[in-house]
Structure formats: C-alpha cells, structure tokens
Amino acid sequence: MAKMEVKTSLLDNMIGVGDMVLLEPLSEESFIDNLKKRFDHSEIYTYIGSVVISVNPYRSLPIYSPEKVEDYRNRNFYELSPHIFALSDEAYRSLRDQDKDQCILITGESGAGKTEASKLVMSYVAAVCGKGAEVNQVKEQLLQSNPVLEAFGNAKTVRNDNSSRFGKYMDIEFDFKGDPLGGVISNYLLEKSRVVKQPRGERNFHIFYQLLSGASEDLLQKLRLERDFSRYNYLSLDSAKVNGVDDAANFRTVRNAMQIVGFMDHEAQSVLEVIAAVLKLGNIEFKPESRVNGLDESKIKDKNELKEICELTGIDQSVLERAFSFRTVEAKQEKVSTTLNVAQAYYARDALAKNLYSRLFSWLVNRINESIKAQTKVRKKVMGVLDIYGFEIFEDNSFEQFIINYCNEKLQQIFIELTLKEEQEEYIREDIEWTHIDYFNNAVICDLIENNTNGILAMLDEECLRPGTVTDDTFLEKLNQVCATHQHFESRMSKCSRFLNDTSLPHSCFRIQHYAGKVMYQVEGFVDKNNDLLYRDLSQAMWKASHSLIKALFPEGNPAKINLKRPPTAGSQFKASVATLMKNLQTKNPNYIRCIKPNDKKAAHIFNDALVCHQIRYLGLLENVRVRRAGYAFRQAYEPCLERYKMLCKQTWPHWKGPARAGVEVLFNELEFPVEEYSFGRSKIFIRNPRTLFKLEDLRKRRLEDLATLIQKIFRGWKCRTHFLLMKKSQIVIAAWYRRYSQQKKYQQIKSSAIVIQSFIRGWKARKILRELKHEKRCQEAVTTIAAFWHGTQVRREYRKFFRANAGKKIYEFTLQRIVQKYFLEMKNKMPSLSPIDKNWPARPYLFLDSTHKELKRIFHLWRCKKYRDQFTDQRKLIYEEKLEASELFKDKKALYPSSVGQPFQGAYLEISKDPKYKKLKDAIEEKIIIAEVVNKVNRANGKCASRIFLLTNNNLLLADQKSGHIKSEVPLGDVTKVSMSSQNDGFFAVHLKEGSGAASKGDFLFSSDHLIEMATKLYRTTLSQTKQKLNIEISDEFLVQFRQDKVCVKFIQGNQKNGSVPTCKRKNNRLLEVAVP
Ligand SMILES: Nc1ncnc2c1ncn2[C@@H]1O[C@H](COP(=O)(O)OP(=O)(O)O)[C@@H](O)[C@H]1O
Ligand SMILES: [Mg+2]
C-alpha cells in the first residue's frame, strides 16, 4: 500500500519542547525541567538544533521496532519527534545522496548510553541500507564485531555493568549506492590496569569470566584452567557474578560472533590461550631470598603455575624464570644485569600481564579490521561512529582521567569548530549577515595540555626521559614552574600565590579548569603510567615463545631488531592518535549524540536533577544552545514553512501560486512581525527568537481551530445537503416506481376487464352464430330427412307393384325356419351319450332358442332315462323298487343308509337249503324265505349279544339257533307293531311286538345286523303286502322297549371308542340300556 504522505512536524504534540533551541526562557533550570518532563513521558531524545540529547532510560522502550525504522526512513529531521533514528537517517542520507562523509560523535559519561547509541545507529543504518546476500554478510560482520570487542574490552564497573573500557572509532564504508562495503575500527587507550587490579565492586574484563563459566571441561583442561574463579588472583571475587548476565551464554555468543567475523578455529584457540596465560600469570608469587651481597632477591614461590604457563605458550621455563628475576639494561654496547627484588618482580609480572592483554586486544582489533575491510579499491563514502569515554571526574583522578579528559577537550574543540563553522557556512550560503557569537572556546585548555613545548604532556615526557631520579613529585614541581601562570592551571605549590591557602587542593595534586568543570589530578603514578615500562627481558622472553600469536605480540623482543631508542610514551602515543582522530573527524560532517545519565543507580524512572545538571554543565549543552541561538534560533526551508503557516494569510491560503519565498514574505508582512525578528535566506527563513516561532505556532493553532470549525461547518452543510439530495432523489425514484406500479396495476385491471367483456361478447356472438348454424344444420337435416322419406315413399310407391304385400314376414319366417332346421340338424350330430349320468349338453347357438334348448335337454334326459329303464328285467325292477323303498324310508334319516346304497339286497345270506346243518330248519318252513341271515340278539338281561339265525317269510319272523338250527321264536308279522332304530351309523334295531300276543311274553327283540337297511325295508314291504298296513318305523336315538314287565329305555351314545369300531351294548339298570356307537 502506498504510504500516505502526511506532513507532520516536530512541533506537533510536543512534550515540553522537542528542540532546546526553542526553550523560552533559556536557563539551566528550564533546560533540566524540559529534559525531565520529557524523560517522565518516556521521551528520552531531545534536540539542540541537529544535536541529539539522549537520556538513558535504563529500561527497554518500544521505540526501536522495525516499524519505527520505517517511520523515520526518508523523513526530514524535524518532521517527527526527536529520535536517534532521525539523526541516523539524516546522516545516512546526506552520505548517500550528497556524498558527504559523516561522523557520529557520541559522548557522555560512563553508563550514559553511548555504546547502546552507537549500536542503535549501526543497526538503523544496516536496516535501511542496501540488501542482498553479499551486503548482508558485510552488515552481519560489522554488527558481530561488537560482541567480540565488548567481551574483551568491556567490564562491569560501579557505573555500568557493561562499561566499555576503551575508546572506539569505527568507520563504516559505503559504495556510491549506499551499500556497505566494510569498515575500519580504531581503538583508544584500553584501561589495561584493570587486568591486574579492579576497584571495589567492579570486575575484570568480561572474557575471563565468560571463559571460566562457558568453556567445556575439555577446553578448560587444554588451557590448564579450573572453573573456580577464586583460584585466580586477577579476578576480583566480590562481584564475580553480575545480575542478569549469563557469562556462559555470552561465551557461546562471542565464539559464534568470532566465527562470523572470520576468526579461524586455531586463531580463536590461540586467543583463549593468551587469556589463560594472563590469568595464570596472576597466580605466580614471589618470595624474598637474601643474597650474599646483602640485597634481597625475589624467587618464585611455586613453580608449578610457571611451568604450566610455559607449556601453554611454548616458552622455555628457565628463560621466563630468569626474566622474572633479572633486569638487563643496555646502554651503548654495555649490558648490565641487575636482580629484581620482590616488589620489582611483582611489577614485572603485572606489567607483562597488562601488556599481554592490551596487545592481544589491539591484535584483535586488527584481526577484525582485516576481516571487515572493504574488498574494493573504489572510492568509498565513510560514516564514522565514535564511542569514546566522556568526561571523568572522580575522587581520585589519575593519569587515565587526565588523558580521557584531554580527549574530551579535543572533542569539544572540534564540536565548537564544526558547529560554528557549519553555522557560519549556512549563513554565508543563505546570504544572511553574520553576527559574532560570544562563546567559550576551550582551545586554551587544549593548548595547556598538548602544547609541544610547555604543555603538560610535553613536560611529562621530558621528565620521563630525563636522566637521574625521576619521580611524580619532580614532575609536579616542573609543572608548577612552567604552568603556574596559566589561567586554567591550579596548584598549591605554584609560584602564583592565588592557591597558597586553598586547602581543598592537596600538595601532591594539580587542578585543571576544564571546560566542563574543575578536575583535581593526583600526580602519583603519572610517570610510571606514561613510561608504561615492560622490561626488555620479558619482551624478549615472550618473543622466544613458540606460540605464534604471543611471539607476534612482542616484535620488539626480537634481538635482531633491537632498538635502543625508548618506545614512545603512553601520553605521546595517545596525543598522536587523538590528533589523527581529530584530523579524520574534521574532514567529515559531524552529527552529535550527547548521552546523559539520569541517575547513579542504573535504575529506570529516576531523574536526579543534580547529576543531570552536572552533566549538562560539563557537556556544555547550554553553550551549545546559545551558540545555536546566537544568530537565529530557528530556520526552515521556505516550502515547508509556507506549507505549515499558509493558512495565516488570505493571500497564501489555500494555495499560493508563486515561489515559496515570495509567499513566506507576503505571509510575514501580513503578520506584521518586527523586521529584526526574521531574515530571508536563499532557501530558508531565519527566525531570531523562539518567541516569534511560538507566536506563529499559536496563530496557526488558533487558525487551525477556526479552519476546523469552517471545515466542520462546510462539511455539516455538505453532509446535510447531500443527505437531502439523496433523500430527494430516493423519493423521486420511489414515487416513479410507485406510479409505475399503480399504473401497471390499473392497466392490468382494465386489461382483464376488457378481456372479460370481450370474452362475453365473443361468447355471445359465437353462441348466436352457433345457434344460427345449428338451426341451419337442423333445417338441412330436416330437409334431408324429409327428402329421404319423401324419396323413400316415392321409391316404395314406385316399387310396391314389384313386391307381394307381406313378403317381409315370409322371408322372416323362412329365415327362422332355416335357422331352427339348421339347429336341429346340428344338434343331431352333437348329441351326448345315452348314459343318464352324462351331464354334457352342447352349447346354445342362438339366444332366442334358450328355453327351447333347455327344454330339449330335459326331454332328452327323460327320454334316455326311460330308455335305460326299459332295459330292466322284472327281477331287476323288483330290486330297484326295493332300493327305492329303502331310499324313501331312510334317505337323510339314518346315517347308515348311504353305505347300503351300493350293496345289492341279497336277502338269503344263509343258504339254508344247501347247508345240511339246517335241514331240519328248512323242513320246518314251508313258506318262501325272504331273509335268511345271522344277527346278534341282545340279551335283555345283561345286554350281551348272542348269534341267531333271522328268517323272514311271507307271514312270519323266525329266530333260530345258529348251531342247531332249532327255531327259538316265531312271530307272525301281524304281531310286529313297530321297528325302532337310531339315526346313527349302527346296526341295532328293536322289533316291537303287539302287547298281549303270544310272542310278546318275553318282550320286544333287540338285534344288531350288518344289513339293517335291507332287513328293515324287506320287513316293511312284507308287512305291507301281507297285512296291508304300513309298518311303523321309528328312527330316534332314544326309544322305549318292553322287556317282560319292564319298559326299558335304549339310549345311543356317541363317541365310545373303547371297543374299536364295534358298537357295544350294556344294561345299566332295569330302566336303561346303553348302546355306545363309535
Ligand atoms: N536507549 C537505551 N534504551 C534502554 N537502555 C539503555 C539505552 N541506552 C543505555 N541503556 C542501558 O544503560 C546501560 C549502559 O549503557 P552503555 O551504552 O553501555 O553506556 P556507556 O557506553 O555510555 O558507558 C546499558 O547496558 C543499558 O542497560
Ligand atoms: Mg560504552
């Protein structure tokens, strides 16, 4: 998404004032108040013109995110609220676009945030400059050089847990496109005394603790070290652990960073070996040993440590041992060897340790430079970042503080020069009259220190080189002589009587009035530190080491290159390097970051006014503001100025159609500011007093409010109107739609009515036409019919003479006759068989013959039955008569009857005439025997059965014994009154006899026979033919019989299965005889 171009300004939403130049009134108090106010609102950055003041927040603020980087990228310096990124962006862009080499000077006291600031600048530049694999590698190497240098050059102090103990200047080199190519690092004055001794509450350099905490057991063993800090004299114990710092993790970070920067494994190993050697050196102790000549000589107490050092570094143990005991002084071909006493031995040991370490550090810087140096020879653009210790004022200030403060004086000098020069140049560029600015120039103090003939450093060197006894006191004396009259030099002993009675100034001290305040220096140690003496025996011993790195660190130990000239003193070395630095800086466009420490407790949210006041003073910040304001407090290019204030004048609002400068002129004339308050430069307007600017801002604010009201008014009007118009438009649309709808509806109604009416009319018309057509058709039909009839009549009348009157009837009858004839003829062929039981009969051919057909069938059937009957003989006729009689008597009355139909009535089952057994019986009977059969006679007393021969003749009924044929009973048929039997399927029957007859003395008979139906029929027929009376045959399941005197009831019971299918008879009592029928 394209970023919307919003024109903002530093002046928007300011807390206090974002630029101290605008402070009104300007005083130390208001300055601090403004800083404090901003600090309390987490605004840690404030400008003085283009200088950034940074107050250490001691907590992480969310103002360094990638989004912030984007915010500040390519924006004007005063466009957004003050930020270190704004300065970095300005520097980077003028480097890239205007081809101006830049330097970023970061100053402030220890713990004020210089190193952090330098890292922020670097990371910002890294974020905004070119991208790509190669470029990224360069960036990475540049950024990763920091952890390495911090491990070896930083230490925990009471002021700062990660205090840089060296000055650092880094040139970052870019190509014409602004892509980083590489860099060069210079280091200044490492605080090497820290290696052997640390003040209370402070630590040695981080690397020692990191190595012991983070190295693997294996590595420690290789380095002949133990993990325990307390084993090493050089490590202070009281603050070995720092809160929130993980030494072991940092060790890994450092090893990793070394790898990224390009250290080979063996190089890193060598570096750690040197560190180990330094640590172990501290453990070498000496004891006095009296010698023959009465002098004390030092001896190493325990040679074990020495042995291990020698193993580690590859130095001959005896060589090193000797170097700790003797000192050889060479002067003009003469060599004098003196023994060292214990104090000297310790001095020599510590000097060696310090030298080893500081040389290692310089080597590291060189090694890093080798890695990060630009690979091309093309012209480079340079951005230098200077992170150097600020002014130091301690209780005891020594040589180091002197040197550091000297450096700061020089920086102040360059600041003044460059700022003023810049200012002046701008005025010239802008064609503004230059007015002289009154400010304190510290050149005189620089001169006091660095003057080649009578400067303090020159005096010190002179003392150090002077033969004879040289002490710190002789040095002070010399100072007292030479500098006594200097305005900024103070000493009790000076010839100048001003300080004779100043008790705050001890005798062994001198005081310098630095631009940032007075500092009192203890002269003790000045000479030694300046000499920075390392006995030649030691450097030679080191050179002899087989450890290549150590050998390389001590090139002067090479006897072939022996140089009798004294090495340059520390002071002169430093002076030279500062001079180089200054020269370097002068060629560049300076950007200042002034770091301020808000409190001594490293704590967030605390703002100690006194402490800040002190820093403001010695950093000369007020002076800075004054210089900046001396001419004109505020300046701004015409375009943004017109853009910002054009609403204050009718001619320029809302658009000015001319050059911006003319617009601003019109604007300022209109506003009637006093003429001396502003000047018109070539491209910028210069405002002398902040008051004027604020007035402008006020006017703008009020005007903006008015404008806002105006805009609001217009907007509201516009909104209402558009709303109204919209409503109106909507109303019209709705109305149109509604009208359309209602018209549509009306139209539909009319249309449908019209259709109804139309349809009615059409219907009516159609019906009328239909009626007419129908009438017409009927007429036509009538005509046709009449015509037809008429025609018919005519024709009939015509043809009547050709036909007899009732020919139709004749034809009809003839036809009928023919049909009947045909029917009969066909029937003849289709006749069924003559069997009376044949049910077939042909189908009826004509409906009108239905009744005839049925009748014919009946007649045919009767005829064939008669035919059938005619075939019978007389005998057969008799049989059938008998069967017919039986049917009439028993059909549907007795269950036994159907089974008898198929049996022919034989009558004589027993052939009495043929069986000789019955000869007597046969002889006794003369009559014709109708039935001869064996029956079971039921015993009247007990119901048991006995076989009897039953004979029926024309007149009698006879019972004979079956075996003997002897006649037992004879009953004339006239005495038989009744025959009773059941309706069931049994063969029992009772023969009732006439009461009082001879046969009836024993009572009625009860028989059972297999041929009951035949016997009963024959009995009936015979009786009828003989007596002309119908025999009573009773069919009932319960009847009475007369047994002698008793009337016994014979009862037929169904369902007794006990005796199989044979009915059983049982006399129950003298009234009941039960017959069980299956
Ligand atoms: N901009 C910052 N934001 C947060 N903390 C900071 C910032 N600047 C400094 N500090 C804190 O202050 C400490 C000291 O800063 P440092 O840059 O090492 O001081 P100097 O280099 O001036 O001695 C840092 O370790 C960090 O904790
Ligand atoms: Mg630092």
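The paragraphs below set out a description of the structure included in this document.

### Regarding the overall build of the protein
Right, so step 1: Scanning the protein from N- to C-terminus turns up 31 helices and 31 strands.
Right, so step 2: For a compact globule of 1078 residues, the expected C-alpha radius of gyration is about 31 Å, and the protein comes in at 78 Å, more than 25% above that figure.
Right, so step 3: Structurally, the protein occupies a C-alpha span of about 215 × 110 × 55 Å along its principal axes.
Right, so step 4: Counted over contacts in the protein with a minimum sequence separation of 6, partners at least 24 positions apart contribute 63%.
Right, so step 5: About 57,400 Å² of surface is accessible on the protein, with carbon and sulfur atoms providing 53% of the total.
Right, so step 6: Here the protein holds 168 positive side-chain charges and 133 negative ones, and the gap between their average locations is 18 Å.

### Remarks on the coordination of the magnesium ion (ligand 2)
Right, so step 1: Summarising the metal site, the magnesium ion (ligand 2) is bound by the protein donors Thr115 (OG1) and Ser164 (OG), whose distances to it range over 2.0 to 2.1 Å. Of the two residues, Thr115 sits in helix H4 (residues 114-128) while Ser164 sits in strand S5 (residues 163-164), which places them 49 residues apart along the sequence.
Right, so step 2: On the basis of relative accessibility, which here comes to 15%, the residue Thr115 falls in the buried class.

### Comments concerning the pairing of strand S30 (residues 1064-1069)
Right, so step 1: Both S30 and strand S31 (residues 1072-1077) contribute to a ladder of five bridges, which runs antiparallel. Bridge pairing in S31 places Arg1067 opposite Leu1073.
Right, so step 2: As consecutive antiparallel partners, S30 and S31 are separated by two residues.

### Comments concerning the nonpolar core
Right, so step 1: Ranked by internal contacts, the top residues of the largest apolar core, which has 211 residues, are Phe31, Phe152, Phe208 and Phe510.
Right, so step 2: Ranked by the residues each element gives to this core, the list is headed by helix H12 (residues 342-372), at 15 residues.
Right, so step 3: In terms of nonpolar packing, the next biggest core, distinct from the first, is built from 33 residues, Leu896, Met981, Leu1012 and Ile1033 among them.

### Quick word on a positive patch on the surface
Right, so step 1: Residues Arg762, Lys765, Arg767, Lys768 and Arg771 make up a contiguous surface patch of positive charge.
Right, so step 2: Inspection of the secondary structure assignment puts Arg762 in helix H25 (residues 690-799).

### Concerning the sheet that holds strand S16 (residues 589-596)
Right, so step 1: Strand order across the open sheet formed by seven strands is S1-S2-S16-S3-S12-S6-S7, with mixed pairing between neighbours. The open sheet has two free edges, formed respectively by strand S1 (45-48) and strand S7 (180-188), since each of these has just one partner strand. Taken pair by pair, the neighbouring strands of this sheet meet at an average axis angle of 20 degrees, ignoring direction.
Right, so step 2: Sheet topology note: the strand S6 (residues 167-174)/S7 ladder contains eight bridges and is antiparallel. Bridge pairing links Asp171 to Val184 in S7.
Right, so step 3: Each of S1, strand S2 (51-55) and S16 touches helix H1 (residues 28-40); the most contacted strand, S1, lies at about 145 degrees to it.
Right, so step 4: Together, strand S3 (102-107) and S16 form the strand contacts of helix H21 (residues 609-619), whose direction differs from that of S16 by roughly 155 degrees.

### A closer look at the environment of Ala248
Right, so step 1: As for its placement among the helices and strands, Ala248 is situated in helix H8 (residues 247-261).
Right, so step 2: Through-space distance from the C-alpha of Ala248 to that of Ser213 is 4.9 Å; in sequence the pair is 35 residues apart.
Right, so step 3: Excluding residues that lie within four positions of it along the chain, Ala248 makes contacts with Ser213 and Gly214.

### Examining the pairing of strand S8 (residues 286-290)
Right, so step 1: As judged from the five bridges shared by S8 and strand S9 (residues 296-300), these two strands associate in the antiparallel manner. Looking across to S9, one finds that Pro288 is bridged to Ser298.
Right, so step 2: Taken together, S8 and the strand that follows it, S9, pair antiparallel across an intervening segment of five residues, in which Gly294 is found at a positive phi of about 85 degrees.

### Quick look at empty space enclosed by the protein
Right, so step 1: With the rule as written, the count across this model stands at eight cavities of 30 Å³ or more.
Right, so step 2: There is about 130 Å³ of room inside the largest cavity.
Right, so step 3: Around the largest cavity, the lining comprises 14 residues; the ones closest to its centre are Thr115, Ser118, Asn146, Lys168 and Asp387.
Right, so step 4: Elements with a contribution of two residues or more to the lining of the largest cavity: H4, helix H5 (133-153), S6 and strand S12 (381-387).
Right, so step 5: For the lining of the largest cavity, the class distribution of residues is five nonpolar, six polar and three charged.

### Some points on the sheet that holds strand S18 (residues 678-680)
Right, so step 1: Ordered in space as S17-S19-S18, the three strands form an open sheet in which the pairing is antiparallel. The sheet is open, and its two borders are formed by strand S17 (634-637) and S18, each paired with just one other strand. Between one strand and the next, the sheet's axes are offset by a mean angle of 15 degrees, whatever the strand orientation.
Right, so step 2: Across four bridges, S17 lies against strand S19 (residues 684-687) in antiparallel orientation. Its bridge partner being in S19, Ala637 is matched across the sheet by Lys684.
Right, so step 3: In the packing of helix H24 (residues 660-671) onto the sheet, the strands contacted are S18 and S19, and the crossing angle to S18 comes to about 155 degrees.

The rules we used
Along each chain, numbering runs from 1 in the same order as the chain's sequence is written. Lettering of chains starts at A and numbering of ligands starts at 1, both following the order in which they are written. Given that this is a predicted model, residues contribute local features only at a pLDDT of at least 70 and side-chain atom pairs are listed and counted only at 80 or more, while totals for whole chains, interfaces and linings are drawn from all residues. To obtain the side-chain values, all non-hydrogen atoms of the structure were included, while hydrogens and water were left out. A run of DSSP states H or I qualifies as a helix once it reaches four residues; a run of E qualifies as a strand once it reaches two. Both are numbered from the N-terminal end. Radius of gyration means the value over C-alpha atoms here, while the globule rule gives 2.2 Å times the residue count to the 0.38 power. Should any heavy atoms of two residues lie within 4.5 Å, those residues are considered in contact. The method behind every accessible area is Shrake-Rupley, applied with a 1.4 Å probe, and residues are considered shielded solely by the protein chains displayed. Under the counting rule used here, the positive set is Lys and Arg, the negative set is Asp and Glu, and His together with the chain ends is not counted. Charge positions come from single atoms, namely NZ of Lys, CZ of Arg, CG of Asp or CD of Glu. Coordinating donors are taken to be N, O and S atoms lying within 2.8 Å of the metal, or within 3.2 Å when the metal is Na, K or Ca; because water is excluded from the atom set, some sites may appear incomplete. A simple rule labels every residue: compare its accessible area, found with a 1.4 Å probe on the protein chains alone, to the largest value its type can have, and call it buried under 20%, exposed over 50%, or partly exposed in between. In short, DSSP must find at least two bridges between two strands for them to pair. Side-chain atoms within 4.5 Å link the members of a nonpolar core, which is a set of buried Ala, Val, Leu, Ile, Met, Phe, Trp, Tyr and Cys residues. Within this analysis, patches are made of residues with over 30% relative accessible area and no salt bridge. Like charges are joined at 9 Å or less; nonpolar side chains (Val, Leu, Ile, Met, Phe, Trp, Tyr) at 5 Å or less. Salt bridge criterion: a side-chain nitrogen from Lys or Arg within 4 Å of a carboxyl oxygen from Asp or Glu. Between N-to-C directions, angles cover 0 to 180 degrees, with each direction set by a line fitted to C-alpha atoms, over the stretch in contact for helices. Put simply, the grid is 1 Å and covers the protein atoms alone, a cavity is a trapped set of points that fit a 1.4 Å probe, a pocket is an open set with protein on both sides within 12 Å along at least five of seven lines, and lining residues have an atom within 4 Å of a point. Grid points are joined across faces, edges and corners, and a volume is the space filled by probe spheres set on the points. Three classes are used: nonpolar for Ala, Val, Leu, Ile, Met, Phe, Trp, Tyr, Cys and Pro, charged for Asp, Glu, Lys and Arg, and polar for all others, with Gly counted as polar.

Interpretation in functional terms is not warranted from these geometric data alone.
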